[in-house]
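# Reading the structure
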Amino acid sequence: MNKNLFEYLLRLGDDSLIIGHRLSEWCGHGPILEEDIAMTNMALDFIGQATTIFEYAAKVENTGRDADALAFLRYEREYRNVLLVEQPNEDFAVTMVRQFLFDAFRKPLYEALQNSSDTQIAAIAEKSLKETKYHLKHSSEWVIRLGDGTEESHEKAQYAVDTLWRYTDELFFENEVDAALQAENVIPSLIPIREEWQKTVTDVLTEATLSIPQNGWKQQGGRTGLHSEHLGYILAELQYMQRAYPGMKW
Amino acid sequence: MSNANWPLWEVFIRSKQGLSHKHVGSLRAADAQMAVENARDVYTRRSEGISIWVVQSNDVFASDPSEADSLYEPADSKVYRHPTFYDVPDGISHM
Amino acid sequence: MKENNIEELERQFQEKIDNDIKIEPRDWMPDAYRDTLIRQISQHAHSEIVGMLPEGNWITRAPNLRRKAVLLAKVQDEAGHGLYLYSAAETLGADREETIDDLHSGKAKYSSIFNYPTLSWADMGAIGWLVDGAAIMNQVPLCRCSYGPYARAMVRVCKEESFHQRQGFEIMTTLANGTPEQKAMAQDALNRFWWPALMMFGPNDAESKHTEQSMRWKIKRQTNDELRQQFVDITVPQAEMIGLTIPDADLKFNTETGHYEFGEINWDEFWQVVKGNGPCNKDRVDARRKAKENGMWVREAAAAYAEKRANRNKEKRA
C-alpha cells in the first residue's frame, strides 16, 4: 500500500469527519431555525466528504477495513485531523469563526487538488469544492455580520478569533508525507495555499472590523495524532455503538 | 438596538430552465443575501430549484379578495377571447 | 355590491368549503376558523421542532456513516417542515416569534410523543417506523385541508417524509434480523413507543372537543379513532413480518370487521404528558428556550448589520 497516500487521506477525511461532528452538535439548537438548517446542511456535506474519502482510503490500505472501520474504530492517537476542527462549539461566534478559518483553507486546497495526478483525489476535490465554496461564503458572511453587528457580537467574534488563532498554523503542517506526495504531483505545496488563506482571512476580518492577532504561540499536534483533550470526548460519542456492540451490522 | 426579529421574505423558485419562478413559501432573514441562502437551504434540499427570488413580504401589494367580483368576473363574459368561441368548418386544420 | 352581514359571510364561507374551494390568506374567514387553524398549524410546527430533539440526541452516536447522514438529513427535514408550517401560520397573521414564545411558556402544545426519551439506537428505528408512520397517517388527509397554505405545506411535507418512515423500518428490520442483543434492543424500543404512538392520534372521538367543527371546516378530514384504527391495521402485520411482538395482550384480529381490536389506552398517562408531566417535557422546552435565548445576540447582530449596510448603501447613492 501507498502509506503516504493513506496517511494523507486520513488527514482529509478526519478533518471533514470531526468538523462535521461538531456542526452536527448544533442540530436542533441553532440560533434560528433557518441557520439550524444551514449548519446541518454543512454537517451533511462534511459527513459525505468523509465517507467518500474513507472509502478511498480503505481501498488504498487494502487490509479489509472499510470506511466505517476507519471512521469509528481507530484509537485517539490514530486520528489525523487538525486541532482547530476538534475545538468545542462554545457559542455561535466560535463555531462560525472556526468554520471560516477552516473553509478559507479548504477552498484553495481543493482547488489545487483538482489537478492531482491521482484521479480519485481530483474527483473528490472537484465535488467537494462546490460545497466548500458555499461553506466559505456562508461562514465569511456570518463572520462579517457578527464582527460588524452589535457591540456584543463584535466582542464575541473577536474572542473567537483570538482563541482559535493559535490553531491556524497547523493547517499548513507539512512533513515527509507531503514531500513524497508532492514529488508525484498527488498533492500541491501548501505555500501558495497559505498565501491565499492569509488574503481571504485578512480581507474578511478587516471587513468584519475584527483585528488580526499578531503571531503568538502556535499549537500543533493533530496531524501527528497528538490531540487536545476534546477529541477523546468526541470519539467517546462517535464510537459508542461500535465499541459497545462490536462487529454488528446496523 | 434590540431587534432580534428578522423580516419575513416570500420565496420564489425556478425549478428548471424554461419555467417561471413559482411561490413556494416564506422564511425569516436579516437581509436579502441571507434570504437567498436560507431559501437555498430550506426550499431546495432535494434539488427543487436552479434560481431563487426573494421579496420582503411587506413589499407585496395584493389585490383585495372582496373585490374579486368586479376585478375578475367581467372577463368571464368575454368568451370571444377564446379560440373555442369560433366555428371552424370540418376539414380545416392548422388553425 | 350587496351589504354583507356576518351570517351572510359565514354562509358563503361554508358554501365555499362545502364545494371544496380552498380558502386563501386574504379571504374573509370566521375568527374561530382562523384561531383554530393557528392553533392547529402552530402546534404542528412546534411538534416538528421539538421532534428534532429526541432524534437529535443520537446524531453524534449513530453507529455508522450511512446512518449518521440519514439521521442528520431526517432531523434537518423536520426543521424544514417546522418552517413550512410556521410560514403557513404567518399567512394567518400569527407572528412566528410570538407563536414560539407560547411554546416556551407552556401555553402552546406539541405532540406528546416527543416527551418520551430516546434511550437506545433502536429508538431511532421505532420513531421513524411508528411515530413518522402515525404522523403520515395524520398528515396525508391534511393535504386536502380547506386552508390553501396549510394544504400546500402538507403536500410538501408528505412528499419529503416518505423516506422517514422507511429508514426507521429499515433500522428495525436490521436490528430484528441481527444478534440477540440487537433484537432485544428493537423489541424494547417497540415496547416503549407503541402506546405513546397510539396516543399521538389524540383522545377518543367522544372526548375530542374540536373534532366536529374541524371536520365541518375541512381542517380535519378523519376522526382520531378512524386514523388510530388505520394505523393499527397497517402496523401490526409489519411488526409480525420482522418478528417483533406488539406489547398488547388484548390485541386480536376480528375476521368479521377486518380490523384489529386493541387494548385500552392509558389515558391518564396521556393527559399527564399533555399537562407537562411526561419524562422529558421540561428538558424539551428548556432546550428550545435555551436555543432561542442563546441565539438572541446572533439575530440582533444580523439585524444590526443589515441596517448598517442598508444605510451605507443609501449614503453611497446620495
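Before reading on, note that the structure itself is shown above.
Each chain carries its own residue numbering, running from 1 in the written order of its sequence. Throughout, the order in which chains and ligands are written sets their labels, letters from A for the former and numbers from 1 for the latter. Totals for whole chains, interfaces and linings use every residue, but because this is a predicted model, local features are given only for residues with pLDDT of at least 70 and side-chain atom pairs only at 80 or more, for both listing and counting. Side-chain figures throughout are based on the complete set of non-hydrogen atoms in the structure, without hydrogens or water.

### Here's the deal with the overall build of chain C
Secondary structure elements are taken from DSSP: a helix is a run of H or I of four residues or more, a strand is a run of E of two residues or more, and numbering for both begins at the N terminus. Helix and strand counts for chain C stand at 12 helices and 2 strands. Going from N to C terminus, chain C has its helices and strands arranged as α-α-α-α-α-α-α-α-α-α-β-β-α-α. For the radius of gyration, the atoms used are the C-alpha atoms, and the globule rule reads 2.2 Å times the number of residues raised to 0.38. In terms of C-alpha radius of gyration, chain C reaches 22 Å, essentially the compact-globule figure of 20 Å for 318 residues. Each principal axis of the C-alpha distribution contributes one length, and for chain C these read about 75 × 50 × 35 Å. Across the 318 residues of chain C, 57% fall into the buried class. Pairs of residues are marked as contacts when any of their non-hydrogen atoms sit within 4.5 Å. Within chain C, contacts between residues at least 6 apart in sequence are counted, and of these 76% link residues at least 24 apart. Accessible areas in this description were obtained via Shrake-Rupley with a 1.4 Å probe; residue shielding takes into account the shown protein chains only. For chain C, the exposed area adds up to about 14000 Å²; of that, 51% sits on carbon and sulfur atoms. Taking the average location of the 43 positive side-chain charges in chain C and that of its 48 negative ones, the two points are 8 Å from each other. Burial classification: accessible surface area is computed with a 1.4 Å probe over protein chains only, and a residue below 20% of its type maximum counts as buried, one above 50% as exposed, and the rest as partly exposed. Here the positive residues are Lys and Arg and the negative ones are Asp and Glu; neither His nor the chain ends is included. Lys charges are placed at NZ, Arg charges at CZ, Asp charges at CG and Glu charges at CD.

### Looking at a nonpolar patch on the surface
Residue and element names in this part refer to chain B. Side chains of Val-79, Tyr-80, Phe-85 and Tyr-86 sit close together on the surface and give an oily, nonpolar patch of about 400 Å² of accessible area. Relative to the helices and strands, Tyr-80 resides in the segment after α2 (68-76). When its relative accessible area of 43% is taken as the criterion, Tyr-80 is described as partly exposed. In this scheme, patches are assembled from residues that exceed 30% relative accessible area and form no salt bridge. Like charges are connected within 9 Å, while nonpolar side chains (Val, Leu, Ile, Met, Phe, Trp, Tyr) are connected within 5 Å. Definition used for salt bridges: Asp or Glu carboxyl oxygen within 4 Å of a side-chain nitrogen of Lys or Arg.

### What about the sheet that holds strand β3 (residues 51-56) of chain B?
Residues and elements named next belong to chain B. At least two DSSP bridges between two strands are required for those strands to pair. Pairing within the open sheet is antiparallel, and its 3 strands lie in the order β2-β1-β3. Of all the strands in the sheet, just β2 (22-28) and β3 have a single pairing partner and so form its edges. Taking the axes of each pair of neighbouring strands and ignoring which way they run, one obtains an average angle of 30° across the sheet. By the bridge criterion, 6 bridges tie strand β1 (residues 8-14) to β3 in an arrangement that is antiparallel. For helices, the fitted line uses only the C-alpha atoms of the stretch in contact; every axis is such a line through C-alpha atoms, and the angle between N-to-C directions lies from 0 to 180 degrees.

### Quick look at helix α6 (residues 122-142) of chain C
All names here are of chain C. Spanning 21 residues, α6 covers 29 Å between terminal C-alpha atoms, matching the ideal 30 Å at 1.5 Å per step. Throughout, the bend at a residue refers to the angle made by two axes, fitted to the seven residues ending there and to the seven starting there. Of all bends in α6, the biggest is about 25°, found at Asp-132. The element α6 is largely enclosed, with a buried count of 19 among its 21 residues. To estimate how far a helix should reach, multiply one less than its number of residues by 1.5 Å.

### Some thoughts on the state of the cysteines
Note on terminology: disulfide denotes any pair of cysteine sulfur atoms within 2.5 Å. By the definition in use, this model includes 0 disulfides over all chains. A:Cys27 forms no disulfide, and the closest cysteine sulfur to it belongs to C:Cys280, at a distance of 17 Å. This cysteine, C:Cys158, is not joined by any disulfide, and C:Cys143 carries the nearest cysteine sulfur, 3.6 Å off. Judged by its relative accessible area of 17%, C:Cys158 is buried.

### Points about the pairing of β1(B)
Residues and elements named next belong to chain B. Burial of β1 is extensive: 5 of the 7 residues sit out of reach of the surface. Note that β1 and β2 share 6 bridges and pair antiparallel. Following the sheet pairing, Val-11 is matched in β2 by Gly-25.

### Some details on the packing of helix α8 (residues 180-199) of chain C against helix α10 (residues 224-241) of chain C
Residue and element names in this part refer to chain C. Running from N to C, α8 and α10 point in directions that differ by 150°, and their axes come no closer than 10 Å. In terms of orientation, α8 lies roughly antiparallel with respect to α10. Contacts from Trp-194, Ala-197, Leu-198 and Met-199 in α8 reach Arg-228, Phe-231, Val-232, Thr-235 and Val-236 in α10. The cut-offs work like this: below 35 degrees is roughly parallel, past 145 is roughly antiparallel, 65 to 115 is roughly perpendicular, and the gaps in between are oblique.

### Concerning the pattern of salt bridges
Following the criterion strictly, the structure yields 47 salt bridges over all chains and no others. With its nearest N and O atoms 2.4 Å apart, the salt bridge here joins A:Glu34 to C:Arg96. Placement of the pair is A:Glu34 in helix α2 (residues 33-61) and C:Arg96 in helix α5 (residues 96-105), with the two residues belonging to separate chains. Here A:Glu34 and C:Arg96 have matching classes, each one buried. Connected through shared salt-bridge partners, A:Lys137, A:Glu141, A:Arg145, B:Asp31, B:Glu37 and C:Arg309 make up one network.

### Quick look at the interface of chain A and chain C
With 48 residues of chain A in contact, the opposing surface of chain C contributes 45 residues. Of the roughly 3900 Å² buried between chain A and chain C, counting both surfaces, carbon and sulfur atoms make up 70%. Summed over the shared surface of chain A and chain C, the result is 3 salt bridges. A:Asp148 serves as the salt-bridge partner of C:Lys308, at 3.1 Å between the closest nitrogen and oxygen. Pairs of N or O atoms are called polar contacts if they sit within 3.5 Å, as long as, within protein, a hydrogen donor faces a hydrogen acceptor (for residues adjacent in sequence, only side-chain-to-side-chain pairs). The tally of links between chain A and chain C comes to 14 residue pairs in polar contact (both at pLDDT 80 or more). Listed by contribution, the elements that provide at least two residues to the side of chain A that touches chain C are α1 (3-24), α2, α3 (67-72), α5 (92-113), α6 (119-147), α7 (151-164), α10 (229-238) and α11 (240-244) of chain A. A per-element tally of the side of chain A that touches chain C places α2(A) first, with 11 residues. Among the residues making up the side of chain A that touches chain C, the classes are represented as 24 nonpolar, 12 polar and 12 charged. Summed over both partners, the accessible area (1.4 Å probe) lost when two parts come together is defined as the buried area. Only Asp, Glu, Lys and Arg are considered charged, only Ala, Val, Leu, Ile, Met, Phe, Trp, Tyr, Cys and Pro nonpolar, and every remaining residue, Gly among them, polar.

### Comments concerning the interface of chain A and chain B
Counting from both sides, the interface comprises 11 residues of chain A and, opposite them, 12 residues of chain B. When the buried area of chain A at its contact with chain B is split by residue, A:Glu34, A:Tyr134 and A:Arg145 rank highest and sum to 44% of it. Joining chain A to chain B, the criterion identifies 2 salt bridges. With a shortest N-O distance of 3.5 Å, A:Lys137 and B:Glu37 are connected by a salt bridge. For the pair chain A and chain B, the interface holds 6 residue pairs in polar contact (both at pLDDT 80 or more). Secondary structure elements with two or more residues in the side of chain A that touches chain B: α2 and α6 of chain A. Counting residues per element, the side of chain A that touches chain B draws most heavily on α6(A), which supplies 6 residues.

### Remarks on the packing of aromatic side chains
Pairing of aromatic rings covers Phe, Tyr and Trp, the last counted by its six-membered ring, and requires centre-to-centre distances within 6.5 Å; plane angles under 30 degrees mean stacked, over 60 mean edge-to-face, and any other angle means tilted. Applying the stated rule across the entire model yields 22 aromatic pairs over all chains. Taking the centre distance of 6.4 Å and the plane angle of 35° together, the rings of A:Trp142 and B:Trp6 count as tilted. With A:Trp142 in helix α6 and B:Trp6 in the segment before β1, the pair connects residues from two separate chains. Judged by its relative accessible area of 1%, A:Trp142 is buried. Measuring from centroid to centroid gives 4.9 Å for C:Phe270 and C:Trp271, while their planes differ by 75°, and the two rings are edge-to-face. With a relative accessible area of 6%, C:Phe270 lands in the buried category. By the ring-pair criterion, three or more aromatic residues cluster together here, those being A:Phe46, A:Phe102, A:Phe105, A:Trp165, A:Phe172 and A:Trp197. Looking at A:Arg74, its charged tip hangs above the ring of A:Tyr79, at a distance of 4.2 Å from the centre. Here, a charge over a ring is recorded when the distance from Lys NZ or Arg CZ to the ring centre is within 6 Å and its angle to the ring normal is within 35 degrees. Residue placement shows A:Lys156 over the ring face of C:Trp297; its charged tip is 5.2 Å from the ring centre.

### With respect to the side chain of B:Asp31
Here B:Asp31 is to be found in the loop between β2 and α1 (32-43). Exposure remark for B:Asp31: the relative accessible area of 7% places this residue in the buried category. A polar side-chain atom of B:Asp31 sits 3.2 Å from the main-chain amide nitrogen of B:Gln33. In this view, B:Asp31 contacts A:Arg145, B:Trp9, C:Ala306 and C:Arg309; residues no more than four positions away in its chain are not counted.

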